[in-house]
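Read off the chains here:
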Amino acid sequence: MYLRCNRRFKDGKEHRYWNIVESKRCAGGKVVQRQVLYLGEINDNQREAWCRVIEAFDEQTHQRTQLALFPAQGEVPDYARGYGIQVRLDRMELHRPRQWGACWLACHLYEQLQLDQFWADRLLDSREGTCWRHILQTLVCYRLIDPGSEWRLHRLWFEKSAMGDLLDEDYSLVEKNALYRCLDKVLEHKRALFGHLRDRWQDLFQAKFDVLLYDLTSTYFESDPPNNPKDKRRYGYSRDKRSDCVQVVIALIVTPEGFPLAYEVLAGNTSDKTTLREFLHKIETQYGKAERIWVMDRGIPSEEVLTEMRQSDPPVYYLVGTPKGRLTKLEQQLLSLPWQAVRPGVEVKLLPQEQELYILAQSHDRIHKERAMRRRQLRALVKRLNQLQQMKLSSTQKLLLKLGAVKGQYRAAWRLIDIEMPESSGSSFSFRLNRQKLRAVRRREGRYLLRSNLWGREPAELWQFYIQLVEIEAAFKNLKDDLALRPIHHQLEHRIEAHIFIAFIAYCLHVTLRARLRRVAGGLTARAVLDKFAAIQMLDVQFPTTDGRTLILSRYTEPTIDHKLLLEQLNLTLPPQPPPRITADRHMVH
């Protein structure tokens, strides 16, 4: 990088514009120059009729002051005495490169949801001057941009980010104990935040809340089990395949567009069937009774709760998957019914039963996918069994152990195989394909049996409701992977829940960005845009002055063409560059 001066004449006067330029040599040997930072104008001391004045913050007096900049070569003109300073352009230094673009975008999303206003009334500054709302905003933006522990935020990330510049705060904002104490203050406002977010989804995206998607997931802890019997960390069915770890269960409600409406943290051994009644009550209490449609996967509602939903006034509508055992009971009745096409490649059958409607749906794409998966696993299982047949094992016990390992690896295909164990230890086992079971499996591949109390709806609409469950699965995936919800290292239960609460708020920013991208750039993900903006850095450009002070210009780097296209499509405008600062004599500001 080097300094470049561009001279322009206007109104008979010479203007000098100073830039930091980066040179790169391309593969063909051609040198390409790119402007990285625009520093502004520095006066020509030969033009007394014109003088460019800037406003800078004086670190010694803590006040803003007017300065006129002149090169170190020559003298300050008489007309600029008192506010003119000379800078040594040849001794320019670049300090503290830090990530600015993604931080700015995250703060913009935070303000678009009016979370700054929401928390301003609830997280008041402490008597010592601790700004809790800025600490919370930093925690949320950190979780969205580059998630990690509070310790990492304190030790590494804040110093390498521009959050301090954007919030006008220094390093004391992320003092370690302050981060943890902030977690202790936010949970009591969770219900109020749900109502605030509902209004913002409606105002920004005209979201509707007549259809709600409900599902549960779990997240684990790499820590010892708690001694307190009331602690929510418990062993249970792990969706993360970590049954060796204690966990909590997270129940989440989102709209079909993916806007989160509410969530709850439950004990890790909570049965799915015991959660729905409480959530129905909470939604009705907070938002009133209305004709809502709840879409859920099988295993969540119990027969008792479904009966209560049908008998409610007004009725609570539902569309829920059913276990495959129910398909066996209704198979004969469904065989005689005709298929109805709801869209290319998807067909349904409708079977009224008392107060409910059963919908058998089949997707040709899903049939091909499930059959390919089954064939691949069955081929691998047969190959492994043939290998075991060729082995000479000294005892039946060793054979059983190896067969048990094969069963665990190919569990789905194992059900289609009949194994005949040897009568003596010296002979090998035999196996064959159970064709009757295979035919039964083929009939059910790519087919789903749904049940609902929605009468008079088009089959295509019912199918569309159900496949929207992928939105809540995407929400769990983003929370766990993109926002690094798991594993959780906190030990106190209320901080565990606060950790999940921070991740939930960060997910709301993620959803807001995704909804804006869906309208203008549907092929881009929210993570891809955050990564692109992360390339915009901020630097402190320092110029020593002839009187022993240092002029500091904090500047973010020039946006690339990709950045400018995104800014235009998202209707965003970058803020002006921060004002300059000037230090006291021989005093460098960190």
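Structure: see above.
Residues numbered from 1 in each chain as written. Predicted model: local features only at pLDDT ≥ 70, side-chain atom pairs only at ≥ 80, totals over all residues. Heavy atoms only, no water.

Student: Describe the pairing of strand 8 (residues 211-220), and please don't skip the residues or the numbers.
Tutor: Within strand 8, 10 of the 10 residues are buried, which leaves it mostly tucked inside the rest of the structure. Where burial is concerned, the two faces of strand 8 agree: the one with V211, L213, D215, T217 and T219 and the one with L212, Y214, L216, S218 and Y220 are both buried. As judged from the four bridges shared by strand 8 and strand 11 (residues 293-296), these two strands associate in the parallel manner. Looking at the pairing, L213 lines up with V295 of strand 11. In terms of strand pairing, strand 8 meets strand 9 (residues 247-254) through eight bridges, oriented antiparallel. Across the sheet, Y214 pairs through a bridge with I253, a residue of strand 9. (Buried < 20%, exposed > 50% of the residue type's maximum accessible area, 1.4 Å probe, protein only. Helix = DSSP H or I, 4+ residues; strand = E, 2+ residues; numbered from the N terminus. Pairing = 2+ DSSP bridges.)

Student: Give a detailed account of the sheet that holds strand 8, specifying residues and quantitative values.
Tutor: What the nine strands build is an open sheet, ordered 10-9-8-11-12-18-15-14-13; its pairing is mixed. Each end of this open sheet is capped by a strand with a single partner; those strands are strand 10 (260-267) and strand 13 (340-343). Neighbouring strand axes in the sheet, compared pairwise and without regard to direction, differ in orientation by 25° on average. Judged from the seven bridges that link them, strand 9 and strand 10 form a sheet pairing that is antiparallel. Note on strand 10: the bridge partner recorded for A251 is E264. (Axes fitted to C-alpha atoms, helices over the stretch in contact; angles between N-to-C directions.)

Student: Give a description of the side chain of R98 that names residues and reports values.
Tutor: Here R98 is to be found in strand 7 (residues 93-99). A polar side-chain atom of R98 sits 2.7 Å from the main-chain carbonyl oxygen of R96. At a separation of 3.0 Å, a polar atom in the side chain of R98 contacts the side chain of D165. In this view, R98 contacts E159, K160, S161, A162, D165, I536, Q537, M538, L539, D540 and S554; residues no more than four positions away in its chain are not counted. (Polar contact = N/O pair within 3.5 Å; in protein donor to acceptor, adjacent residues only side chain to side chain. Contact = heavy atoms within 4.5 Å.)

Student: Residue-level account of helix 6 (residues 176-186), with values.
Tutor: When helix 6 is considered as a whole, its buried residues turn out to be A178, L179, C182, L183 and V186. The arc that holds every buried residue of helix 6, seen down its axis, measures 150°, which confines them to one face. (Arc of directions from axis to C-beta.)

Student: Hey, could you go over the state of the cysteines for me, with residue numbers and the actual values?
Tutor: Applying the stated criterion across every chain, the model contains zero disulfides. In this structure C182 is not part of a disulfide, and its nearest cysteine sulfur, from C131, lies 9.6 Å away. Residue C182 is classed as buried on the basis of its relative accessible area of 1%. (Disulfide = S-S within 2.5 Å.)

Student: Lay out the pattern of salt bridges with the relevant residues and their values.
Tutor: Tallied over the full model, the rule gives 35 salt bridges. Its salt-bridge partner being D146, residue R152 comes within 2.5 Å of it at the nearest N-O pair. We classify R152 as partly exposed; its relative accessible area is 27%. We classify D146 as partly exposed; its relative accessible area is 28%. Where E264 meets K190, a salt bridge forms, and the shortest distance between an N and an O atom there is 3.4 Å. Residue E264 is located in strand 10, and its partner K190 is located in helix 7 (residues 190-205); the two are separated by 74 residues in the primary sequence. The residues E264 and K190 share a single accessibility class, namely buried. Salt bridges here are not isolated pairs; linked through shared partners, they connect R96, R98, E159, D165 and D540. (Salt bridge = Lys/Arg side-chain N within 4 Å of Asp/Glu carboxyl O.)

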